[in-house]
Amino acid sequence: MSSNSGIQIPSRLPLLCTHDGVLLPGSTMRISVDTARNMQLVKSRLLKGTSLKSTIIGVIPNTRDPEHDSDELPSLHSIGTAGLAVQVVGSNWPKPHYTLLITGLCRFRVTKLLREKPFLVAEVEQLDKLEQYTEGDQADGELGELSQRFYQAAVQLVGMLDMSVPVVAKLRRLLDSLPKETLPDVLASMIRTSNKEKLQVLDAVDLEERFKKALPLLTRQIEGLKLLQKTRKLRPDDDKRVLAIRKGGVFPGRQFSLDEEGEDEDGDDTAVLEKKVKAAAMPEAALRVCLKELKRLKKMPESMPEYALTRNYLEMMVELPWSKSSKDCLDIRAARVLLDNDHYAMEKLKRRVLEYLAVRQLKSTLKGPILCFVGPPGVGKTSVGRSIARTLGREFHRIALGGVCDQSDIRGHRRTYVGSMPGRIINGLKTVGVNNPVFLLDEVDKLGKSLQGDPAAALLEVLDPEQNHSFTDHYLNVPFDLSQVLFIATANTTATIPPALLDRMEVLQVPGYTQEEKVEIAHRHLIPHQLEQHGLTPQQLQIPQDTTKDIISKYTREAGVRSLERKIGAICRAVAVKVAEGHKVSRAESPAEQHAEQNTENKEEGSGITAPPEMPIVIDPIAPLKAILGPPVFEMEVSERLTLPGVAIGLAWTPMGGEIMFVEASRMEGEGQLTLTGQLGDVMKESAHLAISWLRSNAKTYLLTNGSADPLEGTDIHLHFPAGAVTKDGPSAGVTIVTCLASLLSGRLVRSDVAMTGEITLRGLVLPVGGIKDKVLAAHRASLKRVIIPKRNEKDLEEIPPHVRADLDFVFASTLDEVLNAAFDGGFPAAVSHPQVVSKL
Ligand code: ADP
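Residues numbered from 1 in each chain as written. Predicted model: local features only at pLDDT ≥ 70, side-chain atom pairs only at ≥ 80, totals over all residues. Heavy atoms only, no water.

Participant: Any chance you could explain the overall build of the protein chain here in plain terms?
Facilitator: Per the secondary structure count, the protein chain includes 29 helices and 24 strands. Residues counted as buried form 48% of the 841 residues belonging to the protein chain. Considering only intrachain contacts with a sequence separation of at least 6, the fraction spanning at least 24 residues in the protein chain is 73%. Surface accessibility of the protein chain: about 41300 Å² in total, with carbon and sulfur atoms responsible for 52%. (Helix = DSSP H or I, 4+ residues; strand = E, 2+ residues; numbered from the N terminus. Buried < 20%, exposed > 50% of the residue type's maximum accessible area, 1.4 Å probe, protein only. Contact = heavy atoms within 4.5 Å. Areas by Shrake-Rupley, 256 points an atom, 1.4 Å probe, with all protein chains shown as cover.)

Next comes the structure, spelled out in structure tokens:
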């Protein structure tokens, strides 16, 4: 052992036996210590020692002795590396152990084992005499040549790595500054080698042999890298990724797998995407974002979750119709014909739609109002929207807004969320593939509101012609021009449309249909349509007008025609069965004997299959209709219900159209209390109190006193509004309540063919109310004859079709006196000539 060398190890060394990994001089390694002997070594030597010498230990590799410490020692490897314990970390989890960071100094040979317990101590001989290397530099020919070759190979290897990585640059500098003789140890611990190979390098005490052992390993690594670079056609950015270097200058133990054929394809894929991006003709801002995302995508490994996100985003961007539009082919005359052909009646609506289209034709960049069709269900709002798209030759897309309560539904989710996607507007555009479709925003009155923001507010931006040329979906995050899209909205009522939204739309009321209109619609549109749907022809099935009328009045009660259409569908299905059965029978039997029978009687046989039916099958209003649709659902109960005093018919407006409503009252002994039932709102309850008060104050006038001064003395009154499950509110039932109570208190019957509506005041005046058209149509549907409405609503009658007006007798009332006089047969005479409360002043 040399005494003047740079590194001098003690002659007695405690030994650490490792079973994984080989420590070579010049490298640093982390060793986990958990066997009893080794733990003891750490505790009593490393942790207690204070001098530098006490931190030097001998590391003996590859000792298969993890468990059986107490047993006799297995044969130890005779050569080890003396190392400096740089760091000791202790932990109790999952079991007590230490982790040592050890830097290898030099080789030693175990000459004699001095002690086995509590830890191994041996007498050692230092093998690497480091001071000789620097002196005998490039001495012998063969060793010199070997070391030179080794050095060059090392330089070549490092040259293949990315110099911009700091560790690589440092390694390159180290190659020059380190003595060449240390290179085999240093590089063998860095490159990918097995423990066995490292052990061979460790055992090669002779320098020349060490070079010979390490050189093939180095060459193998270089070849491996070359192959990898060839197969991967490395892009400069990828070098870092492929050849990432572990901290401390050691190459990663990464397997250089060749199974990356997908990469090429992927490269092509992004290239295709890039081409698509460039071909999508998107505006400057969107293109810039796309190119940036594309650049990011190229750098990302496919396994990264963001890869899929970015890809989806780019695919969505290229599929959007940035500048693809369909050509408008608007001809107003043709549009008028088409609208007339598709829809019966709705004159006002069709007129307004034509005006709108005409203006669009004259001025192509129309920033016009958004049309909003408001009316009961089944009156054809959606189907008019569809017709408009057809007349314009545009794509049609319906966006159902009922129940939408999250603004991201309209505006999309930000791309940071997993599963984020664009809103319905952008999705709709992607579906239709052009930027000028007709979008029908269905049921805007049923937009909800929740913690996730107000979708109505998001719609504002969509519908505002001043803003929607730069509508920014959260997902896209770039503006999209919606100004070419034609928006049409539909709603059942304007009451629940947020005011700001309503302000941006032009409301077109689509009222319910009269019975005659329904009959016409049924025969012109619904029946032919249903026949076609069920594979029938008019030669097989005929529905006379009387039958249609019966279906309308006895089986449906609606403002629109949807359930009428369903009933016709039910008839078609029933007939289809008969027709199909008839085909079979007629093939088996001779048809000659059957033609004598009357068509209509034929149908009463129900499902009898004895004879094929006579064609066409005519649906008689009486028997077959009952057989197919069951007993009538709605009976005209009006006259039956008005056989007792204390019942009157009111008219109510609902989003489903107008309806007639019975108000019933009864009296019983009590203390003058008023009970109200039928789910009434506050306003309606107040109307009831108003009515009672007015009657009490005018009881004398109308002789309702019942002997005492107060007609309610000793009596309780119960007012009920049937259809108890439906919530009702509004002031317009005022006159009906007064009439009903007047009937109850006077004991006289209200005329059974009178319906009424109107708000009342405490002084007995009748104030105007809304929804007159729907209410009058409802009265007409119910075959009532007289309708009492407030005088100030007289102007509203203009909207009502003339034939309905002709059928009804209108009474315009401005005071309750007039209402009562019109509601009772023979009037409702007052004792004093003027029933108004006389002023005491
Ligand atoms: P809404 O959108 O108002 O609820 P739809 O547009 O869905 O109603 O109409 C329901 C059905 O009634 C459709 O098949 C439609 O063709 C038909 N319909 C409604 N009104 C008319 C009409 N005036 N003329 C012809 N068909 C009509």
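Participant: So what exactly am I meant to see when it comes to the sheet that holds strand E17 (residues 657-669) here?
Facilitator: Strand pairs in the sheet, formed through backbone hydrogen bonds, run parallel or antiparallel to each other. Taken in spatial order, the 7 strands line up as E18-E19-E17-E16-E20-E23-E24 in an open sheet, and their pairing is mixed. Edge positions in the open sheet fall to strand E18 (674-677) and strand E24 (809-813), since each of these has one partner strand only. Neighbour-to-neighbour, the strand axes of this sheet turn through a mean angle of 25 degrees, independent of strand direction. Relative to strand E20 (residues 754-756), strand E16 (residues 647-654) is paired through 2 bridges, and the arrangement is parallel. Each bridged residue has a counterpart across the sheet, and for Gly 650 the counterpart in E20 is Met 756. Contacting E16, E17, strand E19 (715-720) and E20, helix H26 (residues 734-746) crosses the sheet at an angle of about 35 degrees to E17. On top of the sheet, helix H27 (residues 772-781) reaches E16, E17, E20, strand E23 (786-790) and E24; it is set at about 75 degrees to E17, its chief contact. (Pairing = 2+ DSSP bridges. Axes fitted to C-alpha atoms, helices over the stretch in contact; angles between N-to-C directions.)

Participant: For this particular structure, what's the right way to read the UniProt feature "binding site: ATP" (unreviewed entry) in the protein chain?
Facilitator: What UniProt calls "binding site: ATP" (unreviewed entry) maps, in this numbering, to Gly 375, Pro 376, Pro 377, Gly 378, Val 379, Gly 380, Lys 381 and Thr 382. Along the chain, Pro 376 falls in the loop between strand E7 (370-374) and helix H14 (381-392). What makes Pro 376 buried here is its relative accessible area of 4%. Beyond its immediate stretch of four places on either side in the chain, Pro 376 contacts Lys 381, Asn 492, Val 510, Pro 511, Gly 512, Ala 559, Pro 655, Met 656 and Gly 657. With respect to the secondary-structure elements, Pro 377 resides in the loop between E7 and H14. Using a relative accessible area of 25% as the deciding quantity, one classes Pro 377 as partly exposed. Here Pro 377 is in contact with Asn 492, Gly 560, Arg 562, Pro 655 and Met 656, once residues within four sequence places are set aside. (UniProt positions renumbered as here; feature names shortened; annotations may be inferred.)

Participant: Which parts of the structure should I look at to understand the packing of aromatic side chains?
Facilitator: The way to describe two aromatic rings as a pair is by their centre distance and the angle between their planes. Summed over all chains, the structure comprises 8 aromatic pairs. An angle of 5 degrees between the planes, with centres 6.3 Å apart, marks the rings of Phe 810 and Phe 812 as stacked. Assessed through its relative accessible area of 15%, Phe 810 is described here as buried. In this structure an aromatic cluster arises from ring pairing among Trp 694, Tyr 702, Phe 824 and Phe 828. Between Arg 415 and the ring centre of Tyr 313, over which it is positioned, the NZ or CZ distance is 3.8 Å. (Phe/Tyr/Trp six-rings, centres within 6.5 Å; stacked < 30°, edge-to-face > 60°. Lys NZ or Arg CZ within 6 Å of the ring centre and 35° of its normal.)

Participant: How do you make sense of the confidence of the model for the protein chain when you look at a structure like this?
Facilitator: Detailed reading of the predicted coordinates is not advisable wherever pLDDT is low. For the protein chain, the average pLDDT comes to 81, and 84% of its residues sit at 70 or higher. Predicted confidence for residues 587-610 stays below pLDDT 50, and this span has 26 contacts to residues more than four positions away or in other chains. (pLDDT = per-residue confidence, 0-100.)

Participant: In this structure, what is going on with the pattern of salt bridges? I would like to understand it.
Facilitator: Evaluated as defined, the whole model comprises 34 salt bridges. For the salt bridge of Glu 197 with Arg 220, the shortest nitrogen-to-oxygen distance reads 2.9 Å. You can see Glu 197 sitting in helix H6 (residues 195-203) and its partner Arg 220 sitting in helix H7 (residues 207-232), a full 23 residues away along the chain. What makes Glu 197 buried here is its relative accessible area of 18%. We classify Arg 220 as partly exposed; its relative accessible area is 41%. Notably, a salt bridge pairs Arg 288 with Glu 284, separated by 4.0 Å at the nearest N-O pair. Here Glu 284 and Arg 288 lie together in helix H10 (residues 284-299), a separation of 4 residues that amounts to about one turn. A single burial state applies to Arg 288 and to Glu 284, both of which are exposed. Taken together, the shared-partner salt bridges in this structure form one network comprising Arg 107, Asp 128, Asp 185 and Arg 210. (Salt bridge = Lys/Arg side-chain N within 4 Å of Asp/Glu carboxyl O.)

Participant: In this structure, what is going on with unusual backbone geometry? I would like to understand it.
Facilitator: What you tend to see is this: most non-glycine residues have negative phi, and most peptide bonds are trans. A cis amide bond links Lys 117 with the next residue in sequence, Pro 118, at an omega value of -5 degrees. Looking at the secondary structure, you find Pro 118 in the loop between strand E5 (97-115) and strand E6 (121-126). Non-glycine residue Glu 443 carries a positive phi angle of around 60 degrees. As for its placement among the helices and strands, Glu 443 is situated in the loop between strand E9 (438-442) and helix H17 (455-463). When its relative accessible area of 27% is taken as the criterion, Glu 443 is described as partly exposed.

Participant: Even after reading the chapter, I still don't get the packing of helix H13 (residues 347-362) against H14, so can you show me in this structure?
Facilitator: Geometry of a packed helix pair, given as the angle between the helix axes and the separation of the axes. Packing of H13 against H14 leaves a shortest axis separation of 12 Å and a crossing angle of 35 degrees. Viewed along their axes, H13 and H14 form a crossing whose handedness is right-handed. Along the contact surface, H13 presents Leu 349, Val 353 and Leu 357, while H14 presents Val 384, Ile 388, Thr 391 and Leu 392. Counted by class, the contact of H13 with H14 contains 6 nonpolar, 1 polar and no charged residues. (Left-handed = near helix turned anticlockwise from the far one by under 90°. Nonpolar A, V, L, I, M, F, W, Y, C, P; charged D, E, K, R; others polar.)

Participant: What am I meant to see in the sheet that holds E7 here?
Facilitator: In space, the 5 strands of this open sheet follow the order E8-E9-E12-E7-E13, with parallel pairing throughout. What marks the edges here is a single partner per strand, and that holds for strand E8 (396-400) and strand E13 (505-509). On average, each strand axis in the sheet is tilted by 25 degrees relative to the strand beside it, whichever way the strands run. Note that E7 and strand E12 (residues 486-491) share 4 bridges and pair parallel. Of the residues in E12, the one forming a bridge with Cys 372 is Ala 489.

Participant: How should I be thinking about the site of the ligand in this particular structure?
Facilitator: The immediate surroundings of the ligand are formed by 17 residues, with Tyr 344, Gly 378, Lys 381, Thr 382 and Arg 562 found nearest. Contact between the ligand and Val 379: a nitrogen atom at 3.2 Å from a main-chain N or O atom of the residue. Contacts to the ligand include Thr 382, whose side-chain N or O atom sits 2.4 Å from an oxygen atom. For the ligand, whose unbound accessible area comes to 560 Å², protein coverage reaches 85%. Taken together, the elements giving at least two residues each to the shell around the ligand come down to H14, helix H19 (515-533) and helix H21 (562-588). In terms of residues, the shell around the ligand owes the most to one element, H14, which gives 3 residues. In terms of residue class, the shell around the ligand is built from 7 nonpolar, 6 polar and 4 charged. (Near = heavy atom within 4 Å. Polar contact = N/O pair within 3.5 Å; in protein donor to acceptor, adjacent residues only side chain to side chain.)

Participant: Whenever I open this one, the pairing of strand E4 (residues 79-91) confuses me. Can you help?
Facilitator: A regular strand places its side chains on the two faces of the sheet in alternate fashion. Sheet topology note: the strand E3 (residues 56-60)/E4 ladder contains 4 bridges and is antiparallel. Within E4, the position partnered with Ile 57 by the bridge is Gly 83. Looking at chain direction, E4 and E5 are connected through 12 bridges and run antiparallel. Counterpart to Ser 91 in the pairing with E5 is His 97. In sequence, E4 turns back onto E5 through a hairpin of 5 residues.

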